[in-house]
Amino acid sequence: GAGVSQTPSNKVTEKGKYVELRCDPISGHTALYWYRQSLGQGPEFLIYFQGTGAADDSGLPNDRFFAVRPEGSVSTLKIQRTERGDSAVYLCASSSLLLAGGGNEQFFGPGTRLTVL
Amino acid sequence: AQSVTQPDIHITVSEGASLELRCNYSYGATPYLFWYVQSPGQGLQLLLKYFSGDTLVQGIKGFEAEFKRSQSSFNLRKPSVHWSDAAEYFCAVRTGGYQKVTFGTGTKLQVIP
């Protein structure tokens, strides 16, 4: 597609449930990122994929959060045993790492708004 | 660790007035610096970026920013604000060799007629 897409746009779930959030990056982008944006805050880094592997998962808050990118394109962020504090907008971004000198701009999707009741 | 401070949570300007949004970063070496804009219900859009070279960078929508190493600042400016500029603006930093981007808490811009 032309840009990064994320589904669903909104997700309402109950405390304790499992959720999956999907990200479709820009075609050909090798790098994919997940961020979480809580109300009134800037986006907070969660995890970065280069190809199929997680190159940096230092931002994942705990072991309830997990992300995969099995074929190096689409990624799924998985949250187990959701808590009310997980409510936020989850943003996905992708970039091409082919440009030297750090010119790899991250292009963001519209986000998935997760509400945990 | 890298960090970004946006001291102004909310700014109100009149349409046609000039604008400056402040951003300070904390990092030992020269970082990669960005300004993003986020309109309600929209994704983050890159306004401009600084990697090296000329410290005054031009971006889209008539915005510019100046990197000042001595002040660890990367302030965003626009000479004449339009009502459509009302949005939230985020300064961000990425350190060379790492892909993790750290965002500030944002400045919400209100434009009054």
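Below you will find a few notes about this structure.

How each quantity is defined
- Residues numbered from 1 in each chain as written.
- Chains lettered and ligands numbered in written order.
- Predicted model: local features only at pLDDT ≥ 70, side-chain atom pairs only at ≥ 80, totals over all residues.
- Heavy atoms only, no water.
- Helix = DSSP H or I, 4+ residues; strand = E, 2+ residues; numbered from the N terminus.
- Rg over C-alpha atoms; globule rule 2.2 N^0.38 Å.
- Buried < 20%, exposed > 50% of the residue type's maximum accessible area, 1.4 Å probe, protein only.
- Contact = heavy atoms within 4.5 Å.
- Areas by Shrake-Rupley, 256 points an atom, 1.4 Å probe, with all protein chains shown as cover.
- Lys, Arg positive; Asp, Glu negative; His and termini not counted.
- Charge placed at Lys NZ, Arg CZ, Asp CG, Glu CD.
- Buried area = accessible area lost by both parts, 1.4 Å probe.
- Salt bridge = Lys/Arg side-chain N within 4 Å of Asp/Glu carboxyl O.
- Polar contact = N/O pair within 3.5 Å; in protein donor to acceptor, adjacent residues only side chain to side chain.
- Nonpolar A, V, L, I, M, F, W, Y, C, P; charged D, E, K, R; others polar.
- Pairing = 2+ DSSP bridges.
- Axes fitted to C-alpha atoms, helices over the stretch in contact; angles between N-to-C directions.
- Disulfide = S-S within 2.5 Å.

### Some remarks on the overall build of chain B
Thinking step 1. Assigned secondary structure in chain B consists of zero helices and 12 strands.
Thinking step 2. Moving toward the C terminus, one meets the helices and strands of chain B in the order β-β-β-β-β-β-β-β-β-β-β-β.
Thinking step 3. Taking 2.2 N^0.38 as the reference for a compact globule, 113 residues should give roughly 13 Å; the C-alpha atoms of chain B span a radius of gyration of 13 Å, in line with that estimate.
Thinking step 4. With the C-alpha coordinates aligned to their principal axes, the bounding extent of chain B is approximately 45 × 30 × 20 Å.
Thinking step 5. By the burial criterion, 49% of the 113 residues in chain B qualify as buried.
Thinking step 6. Once local pairs closer than 6 in sequence are excluded, the contacts in chain B between residues at least 24 apart make up 53%.
Thinking step 7. Surface accessibility of chain B: about 5,400 Å² in total, with carbon and sulfur atoms responsible for 49%.
Thinking step 8. Each charge sign in chain B was given a centre, from 10 positive and 8 negative side chains, and these centres are 8 Å apart.

### Examining the interface of chain A and chain B
Thinking step 1. On the chain B side, the residues contacting the 22 residues of chain A number 16 residues.
Thinking step 2. Summed over both sides, the interface of chain A with chain B buries roughly 1,500 Å², with 54% coming from carbon and sulfur.
Thinking step 3. Contact with chain B buries surface across chain A, with Pro43(A), Glu105(A) and Phe108(A) losing the most and accounting together for 28% of the total.
Thinking step 4. Seen at the junction of chain A and chain B, the total is zero salt bridges.
Thinking step 5. Where chain A meets chain B, there are two residue pairs in polar contact (both at pLDDT 80 or more).
Thinking step 6. Only strand 4 (31–37) and strand 5 (44–50) of chain A provide two or more residues apiece to the side of chain A that touches chain B.
Thinking step 7. Looking at the side of chain A that touches chain B residue by residue, the classes come out as nine nonpolar, 11 polar and two charged.

### Quick look at the environment of Gln106(A)
Thinking step 1. When you line up the elements, Gln106(A) lands in the loop between strand 9 (88–95) and strand 10 (107–108).
Thinking step 2. Residue classification places Gln106(A) among the buried positions, given a relative accessible area of 4%.
Thinking step 3. Expressed as a C-alpha distance, the spacing of Gln106(A) and Gly40(A), which sit 66 residues apart in the sequence, is 21 Å.
Thinking step 4. Beyond its immediate stretch of four places on either side in the chain, Gln106(A) contacts Tyr33(A), Tyr35(A), Ala93(A), Ser94(A), Ser95(A), Tyr36(B), Gln99(B) and Val101(B).
Thinking step 5. Engagement of the side chain of Gln106(A) in a polar contact is seen with the side chain of Tyr35(A), the distance being 2.8 Å.

### A few points about the sheet that holds strand 7 (residues 65–68) of chain A
All names here are of chain A.
Thinking step 1. A sheet is described by the order of its strands in space; here four strands give the open sequence 1-3-8-7, paired in antiparallel fashion. Pairing within the sheet leaves two strands with one partner each, and these edge strands are strand 1 (5–7) and strand 7. Taken over all neighbouring pairs, the strand axes of this sheet differ in orientation by 15° on average, direction set aside.
Thinking step 2. Where strand 3 (residues 19–24) and strand 8 (residues 75–79) come together, five bridges link them in antiparallel fashion. Across the sheet, the residue bridging to Glu20 is Lys78, located in strand 8.

### Considerations on the state of the cysteines
By definition, a disulfide links two cysteine residues through a covalent bond between their sulfur atoms.
All names here are of chain B.
Thinking step 1. One pass over the full model with this rule turns up two disulfides over all chains.
Thinking step 2. Each sulfur in the disulfide pair Cys23 and Cys91 lies 2.0 Å from the other. An S-S torsion of about -65° defines the bridge between Cys23 and Cys91 as left-handed. One end of the pair, Cys23, is in the loop between strand 3 (19–21) and strand 4 (24–26); the other, Cys91, is in strand 10 (residues 87–94), with 68 residues separating them in the sequence.
Thinking step 3. According to the relative accessible area criterion, Cys91 is buried, its value standing at 0%.

### Some remarks on the pattern of salt bridges
Thinking step 1. A full pass over the atoms with the stated rule returns eight salt bridges over all chains.
Thinking step 2. The shortest N-O distance in the salt bridge between Asp8(B) and Arg22(B) comes to 2.9 Å. Of the two residues, Asp8(B) sits in the loop between strand 1 (3–5) and strand 2 (10–14) while Arg22(B) sits in the loop between strand 3 and strand 4, which places them 14 residues apart along the sequence.
Thinking step 3. Using a relative accessible area of 18% as the deciding quantity, one classes Asp8(B) as buried.
Thinking step 4. Since its relative accessible area comes to 39%, Arg22(B) is described here as partly exposed.
Thinking step 5. Linking Glu64(B) and Arg77(B) is a salt bridge whose minimum nitrogen-to-oxygen distance equals 3.2 Å. With a gap of 13 residues between them, Glu64(B) in strand 8 (residues 64–68) and Arg77(B) in strand 9 (residues 73–78) connect regions that are remote in the sequence.
Thinking step 6. Connected through shared salt-bridge partners, Arg64(A), Glu83(A) and Asp86(A) make up one network.

In short, shape yes, function no, at least from these values alone.
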